[in-house]
Amino acid sequence: AQSVTQLDSQVPVFEEAPVELRCNYSSSVSVYLFWYVQYPNQGLQLLLKYLSGSTLVKGINGFEAEFNKSQTSFHLRKPSVHISDTAEYFCAFLSLGGGADGLTFGKGTHLIIQP
Amino acid sequence: EPEVTQTPSHQVTQMGQEVILRCVPISNHLYFYWYRQILGQKVEFLVSFYNNEISEKSEIFDDQFSVERPDGSNFTLKIRSTKLEDSAMYFCASGWTGVTDTQYFGPGTRLTVL
């Protein structure tokens, strides 16, 4: 079955420290990969996406992610976090050739930035 | 910056009642989507809509659900006879092109079925 696993439901980090949010996917076909962020009382906003090409993808707000096909992972990283990064982060993928254009999401990781 | 809007933000209904959740996608977008998130669970794809018809739908999207774009600006999700398990946050999204394009999400409607 196709799925996305975000191993950490909650990640507390001190301000200005680096962070990595983990994402692994399972799919029998090639995928496009996405990270979305949800700030309180707002919709999901795209952080970055991997479609093809360089496996290191840079997004908004200083975030980046690296696609690792052999490990079926797409971990999100930021070298130095700010209080404003406190939010829910969702990893998602889109299967290619499966005929479905709906995103498959993980359960989300709540990033908590501590001063 | 244009954004997707959804109304109401919170809807409470009795089991068996019909509900209509409304969305105004970003102007000029051509692809429209509904997702839902049951509390504590994953965001799940329900349906996509393009060119005035359903493009894809998931197993969740059974005969109790329907979608419509009644007037060229609104995009609605109707649940004919709500069940307790329909309680969830419902997100609308829109995109300019399909598949590889970014899907822009609304803030969601929280549906509570009593």
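Residues numbered from 1 in each chain as written. Chains lettered and ligands numbered in written order. Predicted model: local features only at pLDDT ≥ 70, side-chain atom pairs only at ≥ 80, totals over all residues. Heavy atoms only, no water.

Caption draft 1: Main features of the side chain of Arg36(B). Residue and element names in this part refer to chain B. On the secondary structure map, Arg 36 appears in strand β4 (residues 31-37). We classify Arg 36 as buried; its relative accessible area is 10%. Excluding its chain neighbours within four sequence positions, the residues that come into contact with Arg 36 are Lys 42, Val 43, Glu 44, Leu 46, Ile 60, Phe 65, Glu 85, Asp 86, Ala 88, Met 89 and Tyr 90. (Helix = DSSP H or I, 4+ residues; strand = E, 2+ residues; numbered from the N terminus. Buried < 20%, exposed > 50% of the residue type's maximum accessible area, 1.4 Å probe, protein only. Contact = heavy atoms within 4.5 Å.)

Caption draft 2: How the structure looks around the side chain of Gln6(B). All names here are of chain B. Topologically, Gln 6 is positioned in strand β1 (residues 5-7). Owing to a relative accessible area of 7%, Gln 6 belongs among the buried residues under this scheme. Polar contacts involving the side chain of Gln 6 include one to the main-chain carbonyl oxygen of Tyr 90, which spans 2.9 Å. Sequence-distant contacts of Gln 6, that is, excluding residues within four places in its chain, are made with Arg 22, Cys 23, Trp 34, Tyr 90, Phe 91, Cys 92, Gly 106, Pro 107, Gly 108 and Thr 109. (Polar contact = N/O pair within 3.5 Å; in protein donor to acceptor, adjacent residues only side chain to side chain.)

Caption draft 3: Expanded view of the confidence of the model for chain A. Averaged over chain A, the pLDDT score is 91; the fraction of residues at 70 or greater is 97%. Confidence, expressed as mean pLDDT per element, reaches its minimum in chain A at strand β1 (residues 3-5) of chain A with 91 and its maximum at strand β3 (residues 19-21) of chain A with 98. (pLDDT = per-residue confidence, 0-100.)

Caption draft 4: Local environment of the sheet that holds strand β8 (residues 75-79) of chain B. Residues and elements named next belong to chain B. Ordered in space as β1-β3-β8-β7, the four strands form an open sheet in which the pairing is antiparallel. Only two strands of the sheet have a single neighbouring strand rather than two, namely β1 and β7 (65-68). The sheet shows a mean angle of 20° between the axes of neighbouring strands, direction not considered. The sheet contact formed by β1 and strand β3 (residues 19-24) spans three bridges and is antiparallel. If you follow Gln 6 over to β3, its bridge partner there is Cys 23. (Pairing = 2+ DSSP bridges. Axes fitted to C-alpha atoms, helices over the stretch in contact; angles between N-to-C directions.)

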